[in-house]
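# Overview (structure and organization)
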Amino acid sequence: GDALAARRSCRRFARGPMRLQDLATLLGAGFGVKGRIEFGAHELLSRPHPSGGGLYALELTLLVRAVDGIEPGVYHYAVAMHGLEQLRQVSLPADLVRYLFMGQDYAAEAALVCVLSADFERCMCKYGDRGYRYLLLEAGHAMQNLNLIAAALGLGSCNLGGFFDVELSD
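Being a predicted model, the structure only gives us computed values, none of them experimental.

### Considering the overall build of the chain
Of regular secondary structure, the chain possesses seven helices and six strands. Of the regular secondary structure in the chain, the N- to C-terminal order runs α-α-β-β-β-β-β-α-α-β-α-α-α. For 170 residues, the compact-globule formula gives about 15 Å, and the C-alpha radius of gyration of the chain, at 16 Å, lands near that figure. Dimensions of the chain, computed from the C-alpha atoms along their principal axes, are close to 50 × 35 × 30 Å.

Next up, the structure:
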């Protein structure tokens with residue numbers, strides 16, 4: 001209840017780095033693995049958000065600007081191992097982040113930007129065009145989890161839909 005009451009879009013972020021423990025909690029509780037289930041020769045992962053057919057086609061990429069103990073750069077959240085895979089070690093100056101998010105100053109002030117993307121084929125091969133709808137629902141559930149965990153940790157968050165697709169992908 002407290003997290004729901006505290007959840008709101010924040011457009012003014014505290015100066016200074018994010019604590020590594022807060023990042024670990026945010027990722028683990030909001031997007032990570034809740035449990036593992038043995039199913040014959042397979043292991044199924046239980047996650048904190050629903051996903052059509054349990055396919056979990058969403059991927060989480062982090063633009064790290066200022067997190068204690070982590071070099072600035074671009075990272076992929078490896079869900080199964082609850083770890084970060086560095087994709088690119090690079091400084092992410094405020095001007096670049098501001099540009100990527102269409103001049104939105106508050107994005108440029110954040111210590112961390114989470115970018116949600118999807119492996120469309122993983123969902124579309126099973127559900128066809130309806131898979132797109134399922135991905136949109138899953139994305140909403142996943143981001144609200146991250147928002148609520150951020151609120152519970154006393155961190156600000158703001159969801160953005162305005163960005164330059166190609167440049168952000170690059």
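### What about the nonpolar core?
Core analysis: the largest hydrophobic core is formed by 24 residues, its most contacted members being L23, F31 and L62. Elements that contribute at least two residues to this core include exactly α2 (20-31), β3 (58-64), β4 (73-78) and α6 (130-153). Sort the elements by how many residues they give to this core and α6 lands first, with six residues. Leave out the neighbours within four places in its chain, and L62 touches L23, L27, G73, V74, Y75, L84, L112, V113 and C114. By size, the runner-up hydrophobic cluster in this structure holds eleven residues, among which are L63, V97, A107 and V115.

Calculation notes
For every chain, the first residue of the written sequence is number 1, and numbering continues from 1 onward in sequence order. pLDDT decides what is reported in this predicted model: residues at 70 or higher carry local features, side-chain atom pairs at 80 or more are listed and counted, and totals for whole chains, interfaces and linings draw on all residues regardless. To get the side-chain values, take all heavy atoms of the structure and skip hydrogens and water. Under the DSSP-based scheme used, a helix requires at least four consecutive residues in state H or I and a strand at least two consecutive residues in state E, with every element numbered from the N terminus. Our radius of gyration is a C-alpha quantity, and the globule rule it is checked against amounts to 2.2 Å times the number of residues to the power 0.38. Residue types Ala, Val, Leu, Ile, Met, Phe, Trp, Tyr and Cys, when buried and joined through side-chain atoms within 4.5 Å, form a set referred to as a nonpolar core. The cut-offs for exposure are 20% and 50% of the maximum accessible area for each residue type, with area from a 1.4 Å probe on protein chains only; residues under the lower value are buried, those over the upper are exposed, and the others partly exposed. Only heavy atoms matter for contacts: two residues are in contact if any of them lie within 4.5 Å across the pair.

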